[in-house]
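# Survey of secondary and tertiary structure
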Amino acid sequence: MSETVAQRIANVIGERIVRGEIQAGTPLRQDTIAREFDASHVPAREALQHLRSQGLAISLPRRGMRVAPLDQTSILETIEIRAALETLALRLAAPKINSATMEKIELAMVAGDEAESIVEWERANRSFHRELVGACRMPKLLSMLDDLQLANSRILFSATRSAGWRPGSSAAHHQIFEALKRKEISVATSLLDAHIRGLERANLDGRVSLKSIRSTTRTKAVR
């Protein structure tokens, strides 16, 4: 299916918000967007509504549409919901994962290991998590997870602006992949839950960084 004008606008602006090129609280004006993308007001308005549904924009009374806040409350809410839904999706997907899917998961994992920039690493990270749960074949659940992953990526970019970024591998990704290879579904889902919530713990400690995101959790997986 071809991309609509509204989807294209939403994707471009969404990526700008995720990467921190447009800061929280910045007004998102329909007229300005329509002019930039040489579009009518209809797709511009639809794009803004899509960004709102993704949690990247909010509508405030008498202030219009603005980039959504990225405060501790919104970060923790994103992590809690994502941990619950992504582990559910993995439990449903794992029995259906075949060798072709495992290869896609591994390719995304390796791409993350070999990334030379935060943009490359984030793209590979997003791909890894998408491939991990895709076999659940539940479109609504996967759509919600795509939106949550976007919000998560925004947290990652925000963290690297303050903490810096260095190339490296994700031990947690490797652990999850190996558990799936052994068909240890409960272990894989426990590792995934701890991996996602590791960002929550780091945020509460005031130490959100790629090191904490990449590092393996010391939570013992239940077998």
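Overview of the structure. (Residues numbered from 1 in each chain as written. Predicted model: local features only at pLDDT ≥ 70, side-chain atom pairs only at ≥ 80, totals over all residues. Heavy atoms only, no water.)

Mapped onto the elements of the fold, Leu-85 is located in helix H4 (residues 72-93). Sequence separation between Leu-85 and Leu-142 is 57 residues; the distance between their C-alpha atoms is 9.1 Å. Dropping the residues within four chain positions of it, Leu-85 is found in contact with Leu-141, Met-144, Leu-145 and Leu-148. (Helix = DSSP H or I, 4+ residues; strand = E, 2+ residues; numbered from the N terminus. Contact = heavy atoms within 4.5 Å.)

Turning our attention to the pattern of salt bridges. Note on pairing: side chains with opposite charge can pair once their charged atoms come close. Within this structure, the stated rule accounts for 10 salt bridges. Glu-86 is the salt-bridge partner of Arg-82, the closest N and O atoms lying 2.9 Å from each other. With Arg-82 and Glu-86 both in helix H4 and 4 residues apart, this pair spans about one turn of that helix. Each member of the pair Arg-82 and Glu-86 is classed as buried. One salt bridge in this structure joins Glu-122 and Arg-126, with 2.8 Å as the shortest N-O distance. With Glu-122 and Arg-126 both in helix H6 (residues 118-133), this residue pair falls 4 residues apart, about one helical turn. In terms of burial, Glu-122 and Arg-126 fall into one category: buried. Among the ionic contacts, a cluster of salt bridges with common partners joins Glu-15, Arg-19, Glu-122 and Arg-126. (Salt bridge = Lys/Arg side-chain N within 4 Å of Asp/Glu carboxyl O. Buried < 20%, exposed > 50% of the residue type's maximum accessible area, 1.4 Å probe, protein only.)

In this section: a nonpolar patch on the surface. A contiguous nonpolar surface patch, about 210 Å² in accessible area, is contributed by Leu-88, Leu-92 and Met-138. Note on placement: Leu-88 falls in helix H4. (Patch = residues over 30% accessible without salt bridge, like charges linked within 9 Å, V, L, I, M, F, W, Y side chains within 5 Å. Areas by Shrake-Rupley, 256 points an atom, 1.4 Å probe, with all protein chains shown as cover.)

Taken together, the buried positions of helix H8 (residues 171-181) are occupied by Ala-172, His-173, Ile-176, Phe-177, Ala-179 and Leu-180. Projected onto a plane normal to the axis of H8, the buried residues spread over an arc of 160° and lie on a single side. Count one or two residues on from H8 and you reach Lys-183, which has phi positive near 60°. (Arc of directions from axis to C-beta.)

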